[in-house]
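# Architecture at a glance
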Amino acid sequence: MQFRITTLSENCAAVGARGLLGEWGLSILIETDDYSVLFDTGASISAVHNARALGKDLSRVSKIALSHGHFDHTGGLRDVLGRTGKVEVVAHPDAMGNKCVRYGEYEGYVGMPFRREELETLGASFNLSTEPVWLTDEIVTTGEVPMVTDYEAIDPMMFVREGDTLKPDPLADDLSVVIKADQGLVVLLGCAHRGMINVLRRAQELFPGKPIDTVMGGAHLMFSSPDKVERTVDDLKQIGVQRLGCSHCTGFGPMVRLAQEFGDIFFPNNAGTSITVP
């Protein structure tokens, strides 16, 4: 079985990709001859627009997985549901939380921009679980990602509002998708708020002895210290990743460092980027 993995929405359009929109956020389409699965939906209109421009039929999507509850990964869900019709939407229960960001005196809402009831009337059937959920026989979510490294941590500006109280958001809803391909695991990151290496360790835990071949998506290194980036590089080399496509919240500086270190196996994963995995 071959998996065709296409990034529908990302901050920038890929070089030479005509007619595509760039938008802060992420959406990745996984296709086989038998089914399609969508991971995240971007921030608003870009996923549907770019799917149409790329000739991708979203009515084939049988499952949608949401990496977490932030708007830039869930904001396109209403438009996507207009193309898919009734579909199962897999997420962590905390993805529905009242998520906020606070910088000094500034506070803003950054959660899902729709009410659950509205999305259900449009065809969403929510499957909210803290555990891994198999989307197909070959594709599974990570469920909650344990914090096992000593250098990856949740951003201190992330909060959840409960009534009149702001509480630090542990981003327990931050999940990723793992594809069990013949040549190894493919790990798709949404934002990796709980740490890219923690996510990869979780994938190794779910599939003991199976090599991690490809990693794509948001690595959330944009606020990271040089030391954290270097430790991430060392762990990626130890894990033996063979293809690394970073995007979205990875950050320009960390992406440059990863490109320097990994050379030809690194690629910028922008809207319109597509790879095939046997």
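Residues numbered from 1 in each chain as written. Predicted model: local features only at pLDDT ≥ 70, side-chain atom pairs only at ≥ 80, totals over all residues. Heavy atoms only, no water.

## Quick word on the side chain of Asp169
Note the following rule: Per the convention used, a helix needs a DSSP run of H or I reaching at least four residues, while a strand needs a run of E reaching at least two, with both numbered from the N terminus. Whenever two N or O atoms come within 3.5 Å, that pair is a polar contact, provided that in protein one can donate a hydrogen and the other can accept it, and provided that, for residues adjacent in sequence, both atoms are side-chain atoms. We call two residues contacting when some pair of their heavy atoms lies within 4.5 Å.
Among the structural elements, Asp169 can be located in the loop between strand E11 (165-168) and strand E12 (177-181). Looking at Asp169, its side chain comes within polar contact range of the main-chain nitrogen of Leu171, at 2.9 Å. In contact with Asp169, not counting residues within four places along its chain, are Lys99, Ile154, Met158, Phe159 and Val160.

## What about a nonpolar patch on the surface?
Operational definition: Residues enter patches when they are more than 30% accessible in relative terms and free of salt bridges; like-charged ones are connected within 9 Å and nonpolar ones (Val, Leu, Ile, Met, Phe, Trp, Tyr) within 5 Å. Accessible surface area values rest on a Shrake-Rupley calculation with a 1.4 Å probe, where residue burial reflects the displayed protein chains alone. For salt bridges, the criterion is a side-chain nitrogen of Lys or Arg within 4 Å of an Asp or Glu carboxyl oxygen. Residue exposure (1.4 Å probe, protein chains only): buried if accessible area is under 20% of the type maximum, exposed if over 50%, otherwise partly exposed.
A surface patch of nonpolar side chains, amounting to about 620 Å² of accessible area, comprises Trp24, Phe71, Tyr103, Tyr106, Met222 and Phe223. Note on placement: Trp24 falls in the loop between strand E1 (3-9) and strand E2 (27-31). Here Trp24 falls in the partly exposed class, since its relative accessible area comes to 38%.

## A few points about the pairing of strand E14 (residues 212-218)
Formally: Whether two strands pair comes down to DSSP finding at least two bridges between them. The crossover handedness rule: strands pointing away from the viewer, path from first strand over the helix to second strand clockwise, crossover right-handed.
Within E14, 7 of the 7 residues are buried, which leaves it mostly tucked inside the rest of the structure. Alignment of strand E13 (residues 184-189) against E14, held across 5 bridges, turns out to be parallel. Bridged to Val187 within E14 is Val215. Chirality of the crossover, the property in question, places the unit of E13, helix H5 (residues 196-206) and E14 among those that are right-handed. Considered for its hand, the β-α-β crossover made up of E14, helix H6 (residues 226-239) and strand E15 (residues 243-247) is right-handed.

## A short note on the sheet that holds strand E16 (residues 266-268)
Using the following cut-off: Interaxial angle, 0 to 180 degrees, is taken between N-to-C directions of lines fitted to C-alpha atoms, where a helix line uses only the stretch in contact.
The strand order across the open sheet built from 6 strands is E9-E12-E13-E14-E15-E16, with neighbouring strands paired in mixed fashion. Of all strands in the sheet, those with a lone pairing partner are strand E9 (139-141) and E16, marking the two edges. Each strand of the sheet is rotated relative to its neighbour by a mean of 20°, with strand direction disregarded. For E12 and E13, the ladder comprises 5 bridges, and the chain directions are antiparallel.

## Focus: the sheet that holds strand E6 (residues 99-103)
Spatial strand order, E7-E6-E10-E11: 4 strands in an open sheet with antiparallel pairing. Of all the strands in the sheet, the pair left with one neighbour each is strand E7 (106-109) and E11. The mean angle between the axes of side-by-side strands here comes to 40°, regardless of whether they run parallel or antiparallel. Alignment of E6 against E7, held across 4 bridges, turns out to be antiparallel. What sits directly across from Tyr103, in E7, is Tyr106.

## Description of H5
Within H5, burial applies to Met196, Ile197, Asn198, Val199, Leu200, Arg202 and Ala203. For H5, the elements touching its buried residues are E12, E13, E14 and H6.

## A few points about helix H3 (residues 77-84)
Just so we agree on the cut-off: Directions drawn from the helix axis to the C-beta atoms are what define this arc.
Among the residues of H3, those classed as buried are Leu77, Val80, Leu81 and Thr84. Projected onto a plane normal to the axis of H3, the buried residues spread over an arc of 100° and lie on a single side. Phi turns positive one or two residues past the end of H3, at Gly85, with a value near 70°.

In short, geometric facts, not functional conclusions.
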